[in-house]
Amino acid sequence: VVQTQEICTSGDRPRPKFAATLTNCDDRFALLFGGAQWKRGGRFEADSETCMLDLDTFTWTRLELTGPRPTPRVQHSAINLGGNMILFMGGYDGTQRRYLGLEDVCVLNVRSLRWMMLHTRRGGVMLRSGLRVRLVHLQASADPDLPGAVGTLVEFHASSSRWKVRLDGRSVPLNIKVQNLEVLDEAAATEDGGNVDDLEEDIDIEPDKHAPPMLSSVFEDASDKNIWIRGDFPCARAGMALAVANPSRNHARGSFYVFGGAQYVHQVWFADMYECMLKVPAEL
């Protein structure tokens, strides 16, 4: 039998919100991060507020943190890696209407109260559905209008590393290799990144699909994009399930499993599984 009761908390209480994470830190305190409130018109405003709850006195403290502030998010996932480190991954940024992936993974050192961003950004924008792109570096083509043409990304095919691109004035998208795409600019990426209404025409082109097209590959290779993460990393999504691995089964402390998630705005659901193991640099 599980008996529950409301706890009366004190201190600097966080605002009412949904879809935040509350992470236990060695039974001494719990860390609340992110979440949002609904606004009028069906929109919501996420935050990156971080609060600590003392698990002995149930007193809230709003933390003042240093380091690069992470993107506000909801429906993200968090796990205690041990050694004062909490990892945050995935989620949805309602302000920019985009799902968060590898470039938005972050770690909070709860001892030094400092954020650490794990990626090394090399310029450009991660490709995702809705971005405005230009076709570049095309070899001799039967269609002389393709080189330099501007269009919108619709769907990624992992098996061929090709994007389906809807060109202005064309009703049928083209399958173009990743290296032939150039994002126009960050502003265009932000403006168009989550506008699924503009993709309805392309969704109707393939009526046999039970859901709108996938917006990215299931995973991406993190090796050349991140100084802390190696191997296959889940693509941008929200609502991933995390489970801590048992250290007694040949796992280092802080290793964990990741399952599933969704780009639910676009009705895309995942059932893939990942094992994330902490290793010292010499083991990589």
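Numbering of residues starts from 1 in every chain and runs along the sequence as written. Side-chain atom pairs in this predicted model are given and counted only at pLDDT of 80 or more, local residue features only at pLDDT of at least 70, and totals for whole chains, interfaces and linings cover all residues. Side-chain metrics rest on all non-hydrogen atoms present in the structure, leaving aside hydrogens and water.

> I'd like to hear about the sheet that holds strand β9 (residues 85-89), residue by residue, with values.
For two strands to be treated as a pair, DSSP must find no fewer than two bridges joining them. Numbering of helices and strands runs from the N terminus, with a helix taken as a DSSP run of H or I at least four residues long and a strand as a DSSP run of E at least two residues long. An order of β8-β9-β12-β13 is seen for the four strands of this open sheet, with the pairing classed as antiparallel. Each edge of the open sheet carries a strand with a single partner, namely β8 (77-82) and β13 (114-117). Averaged over neighbouring strand pairs, the angle between their axes works out to 25° when direction is ignored. With five bridges joining them, β8 and β9 adopt antiparallel strand pairing. What sits directly across from S77, in β9, is M89. Axis lines are fitted through C-alpha atoms, for helices just across the contact stretch, and the angle between N-to-C directions can take any value from 0 to 180 degrees.

> Which residues make up the confidence of the model for the chain, and what values do they have?
Looking at the chain, pLDDT values average 77 and 71% of them are 70 or higher. For the stretch residues 120-124, pLDDT sits under 50, and the model shows seven contacts to residues farther than four places along the chain or on other chains. Predicted confidence for residues 186-215 stays below pLDDT 50, and this span has 65 contacts to residues more than four positions away or in other chains. Confidence scores labelled pLDDT are given residue by residue by the predictor and lie between 0 and 100. Contacts are assigned to residue pairs with any non-hydrogen atoms lying within 4.5 Å of each other.

> Kindly report on the packing of aromatic side chains, identifying the contributing residues and their values.
A pair of aromatic rings is counted whenever rings of Phe, Tyr or Trp (Trp by its six-membered ring) have centres within 6.5 Å, and the orientation is called stacked for planes under 30 degrees apart, edge-to-face for over 60 and tilted otherwise. For the coordinates displayed, the defined rule picks out ten aromatic pairs. Look at W38 and F44: their rings are 5.2 Å apart centre to centre, the planes differ by 85°, and that puts the pair in the edge-to-face class. The exposure class assigned to W38 is exposed, which follows from its relative accessible area of 55%. An aromatic cluster is built from F18, W38, F44, Y92, Y99 and Y264, whose rings are joined through pairwise contacts. Over the face of the ring belonging to F270 we find R237, whose NZ or CZ atom lies 4.0 Å from the ring centre. Under the scheme applied here, a residue whose accessible area is under 20% of the maximum for its type counts as buried, over 50% as exposed, and between as partly exposed, the area being computed with a 1.4 Å probe on protein chains only. Cation placement over rings: the criterion is NZ of Lys or CZ of Arg within 6 Å of the ring centroid and within 35° of the ring normal.

> Any chance you could break down the sheet that holds strand β23 (residues 268-276) for me, citing the residues and the numbers?
Taken in spatial order, the three strands make up an open sheet running β21-β22-β23, and their pairing is antiparallel. Each edge of the open sheet is held by one strand with a lone partner, namely β21 (241-244) and β23. For this sheet the average axis-to-axis angle between neighbouring strands, irrespective of direction, equals 10°. Here strand β22 (residues 256-263) runs beside β23; their pairing, made up of seven bridges, is antiparallel. Within β23, the position partnered with F259 by the bridge is M273.

> Hey, could you go over the pattern of salt bridges for me, with residue numbers and the actual values?
Counted as salt bridges are all cases of a side-chain nitrogen of Lys or Arg within 4 Å of a carboxyl oxygen of Asp or Glu. For the structure shown, the criterion picks out eight salt bridges. D272 is the partner of R237 in a salt bridge, and the nearest nitrogen-oxygen pair spans 2.8 Å. In this pair, R237 sits in the loop between β20 (232-234) and β21 while D272 sits in strand β23, placing the two residues 35 residues apart along the sequence. Each of D12, R15, K17, D47, E49 and R62 takes part in salt bridges that share partners, so that together they form one network.

> Break down the environment of A241 for me, citing the residues and quoting the values.
For A241, the location among the structural elements is in strand β21. Overall, A241 belongs to the partly exposed group, its relative accessible area being 40%. When the C-alpha positions of A241 and G261 are compared, they lie 7.1 Å apart, and in sequence the two are 20 residues distant. The contacts of A241, once residues within four sequence positions are left out, are Y257, V258 and F259.

> Pulling in residues and values, what's your account of the side chain of T50?
You can see T50 is positioned in strand β6 (residues 50-54). Within 3.5 Å is the distance limit for a polar contact, defined as a pair of N or O atoms, with the added protein rule that one can donate a hydrogen and the other accept it, and that residues adjacent in sequence qualify only through two side-chain atoms. In terms of polar contacts, T50 uses its side chain to reach the backbone carbonyl oxygen of S48, at 3.4 Å.

> Before we move on, could you go through the nonpolar core and cite the residues and values that matter?
Only buried residues count toward a nonpolar core, which is a set of Ala, Val, Leu, Ile, Met, Phe, Trp, Tyr and Cys residues joined through side-chain atoms within 4.5 Å. Counting residues in each nonpolar core, the largest one holds 14 residues, and the members touching the most others are L87, M89, V105, I229, F233, F256 and V258. The residues contacting V258, other than those within four sequence positions of it, are M89, P234, M240, A241, L242, D272, M273, Y274 and C276. Among the nonpolar cores identified, the runner-up in size contains twelve residues, and L146, W163, L167 and L181 belong to it.

> Please set out the environment of P70 residue by residue, giving values where relevant.
Within the secondary structure, P70 is located in the loop between β7 (59-62) and β8. Taking the C-alpha atoms as reference, P70 lies 9.5 Å from D47; in sequence the two are 23 residues apart. Filtering out sequence-adjacent residues up to four positions away, P70 remains in contact with F33, S48, C106, W115 and M117.

> Which residues make up the side chain of H76, and what values do they have?
Locating H76 in the fold gives a position in the loop between β7 and β8. At 3.1 Å, the side chain of H76 and the backbone oxygen of F33 are in polar contact. Once you skip the residues sitting within four places of it in the chain, H76 turns out to touch A19, A20, T21, F33, G34, G35, F88, M89, G90 and G91.

> Kindly report on the pairing of β22, identifying the contributing residues and their values.
Here β22 lies mainly inside the structure; six of its eight residues are buried. Relative to β22, β21 runs antiparallel, the two sharing four bridges. Among the inter-strand pairings, A241 is bridged to a residue of β22, identified as F259. As consecutive antiparallel partners, β22 and β23 are separated by four residues, and within that stretch Q267 has a phi angle of approximately 60°, a positive value.

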